[in-house]
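Below are the chains, spelled out letter by letter.
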Amino acid sequence: MTRRHDLTDGQWAALEPLLPAPSGRGRPPKWSRRQLIDGIRWRIRTGAPWRDVPELYAPWSTVYGRFRRWQRDGTWAKILATLQAHADAAGKIGWTASVDSTISRAHQHAAGARRDGHLQKEPPGGVHSEPDGHALGRSRGGLTTKTHLVCEQGRKPLALLVTAGQRGDSPQFIP
């Protein structure tokens, strides 16, 4: 059964060749890649906790594990870059861009990260290193982080950058 926001056959046909090749080792997977990606998309779209991903897609730990593995090895970044290149070649991206940002208040305990973070079981980063100060900044509102987003004319996101809350938009244009 497919749901309203799951990938269509056309979208899956465009996405499937961009995915990394299966290793071929171990047991055959119980859940298809399409189910796992639909589960990841459901979680990202709704903003629900990982534990609330419907069993229709796969157990939440399996969905999260695939998301995290591909985040750490840079798969998601490669997929985005390839899809943007295809859209640009097809003339679907207008390069007149808009930049805006929003500030998010961090939890009061957000600054309590481990001093020996390299020793934790699963390091937070992936291909890209963690931002300086974990993108936490002090402002009048306390600990905040700022998300900068660049969109093209058709409202398609082109890039996203997370900085400390007191950082301005203009210095972030180049990165």
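Refer to the structure above for everything that follows.
Residues take numbers from 1 onward in each chain, read along the sequence in its written order. Where local features are concerned, this predicted model is filtered to residues with pLDDT of at least 70; where side-chain atom pairs are given and counted, the filter is 80 or more; whole-chain, interface and lining totals use all residues. Just so you know, side-chain values use all the structure's heavy atoms and leave hydrogens and water out.

Q: How should the nonpolar core be read in this particular structure?
A: Grouped burial of nonpolar side chains is what soluble globular proteins tend to show. The nonpolar core is taken to be a set of buried Ala, Val, Leu, Ile, Met, Phe, Trp, Tyr and Cys residues, with the residues joined through side-chain atoms within 4.5 Å. Working definition: with a 1.4 Å probe on protein chains only, accessible area under 20% of the residue-type maximum means buried, over 50% means exposed, and in between means partly exposed. By size, the foremost hydrophobic cluster in this structure holds ten residues: Leu36, Ile40, Trp42, Ala48, Trp50, Val53, Tyr57, Ala58, Val63 and Phe67. Of all the elements in the fold, those that place two or more residues in this core are α2 (33-46) and α3 (60-73). Counting from the N terminus, the helices are DSSP H or I runs at least four residues long and the strands are E runs at least two residues long. With three residues, α2 is the single largest residue contributor to this core. By definition in these notes, contact holds between two residues if any of their heavy atoms fall within 4.5 Å. Residues contacting alanine 48, with those up to four places away along its chain left out, are Trp42 and Arg43. Counting seven residues, the second-largest nonpolar core is a separate cluster that includes Leu7, Trp12, Leu15 and Leu19.

Q: I keep staring at the pairing of strand β3 (residues 142-151) and nothing clicks. Help me out?
A: On a regular strand, one side chain projects to one face of the sheet and the next to the other, so that they alternate. Burial runs high along β3: seven of the ten residues are buried. A pair of strands is labelled paired if DSSP reports no fewer than 2 bridges between them. Bridge count between strand β1 (residues 98-105) and β3: eight bridges; the pairing is antiparallel. Paired with serine 104 across the bridge in β3 is threonine 145. The antiparallel pairing of strand β2 (residues 137-139) with β3 creates a hairpin that spans two residues between the two strands. Here β3 runs beside strand β4 (residues 157-164); their pairing, made up of seven bridges, is antiparallel.

Q: Help me understand the packing of α3 against helix α4 (residues 75-89), please; the structure alone is not making it clear to me.
A: Any two packed helices are characterised by the angle at which their axes cross and by the distance between the axes. Between α3 and α4, whose axes approach to 5 Å, the crossing angle comes to 75°. For the element pair α3 / α4, the angle class is roughly perpendicular. Residue-level inspection shows Phe67, Trp70, Gln71 and Asp73 of α3 in contact with α4, the latter providing Thr75, Trp76 and Lys78. Gly falls in the polar group here, along with every residue not listed as nonpolar (Ala, Val, Leu, Ile, Met, Phe, Trp, Tyr, Cys, Pro) or charged (Asp, Glu, Lys, Arg). Taken together, the residues that form the contact of α3 with α4 break down as three nonpolar, two polar and two charged. All axes are obtained by fitting lines to C-alpha atoms, using only the stretch in contact for helices, and the reported angles, taken between N-to-C directions, cover 0 to 180 degrees. Throughout, the term roughly parallel applies to angles under 35 degrees, roughly antiparallel to angles over 145, roughly perpendicular to angles from 65 to 115, and oblique to all others.

Q: Which parts of the structure should I look at to understand the pattern of salt bridges?
A: A side chain with one charge may pair with a side chain of the opposite charge, provided their charged atoms come close. Between Lys or Arg on one side and Asp or Glu on the other, a salt bridge is scored when a side-chain nitrogen of the former is within 4 Å of a carboxyl oxygen of the latter. Here the structure, examined in full by the defined rule, presents three salt bridges. Linking aspartate 38 and arginine 41 is a salt bridge whose minimum nitrogen-to-oxygen distance equals 3.9 Å. Of this pair, aspartate 38 and arginine 41 both sit in helix α2, three residues apart, which is roughly one turn of that helix. With relative accessibility at 7%, the residue aspartate 38 sits in the buried group. Among the residues examined, arginine 41 registers a relative accessible area of 31% and is labelled partly exposed. Between lysine 156 and glutamate 152 there is a salt bridge whose closest N-O contact spans 3.5 Å. Assessed through its relative accessible area of 5%, glutamate 152 is described here as buried.

Q: Would you mind showing me how to read α4 here?
A: Because an α-helix packs 3.6 residues into every turn, residues spaced three or four apart end up facing the same way. By this rule the span expected of a helix is its residue count minus one, scaled by 1.5 Å. Over its 15 residues, α4 extends 21 Å from the first C-alpha to the last, a length consistent with the 21 Å expected when each residue adds 1.5 Å. Tucked into the core, α4 has its buried residues touching α1 (9-15) and α3.

Purely spatial values, then, with no claim about function.
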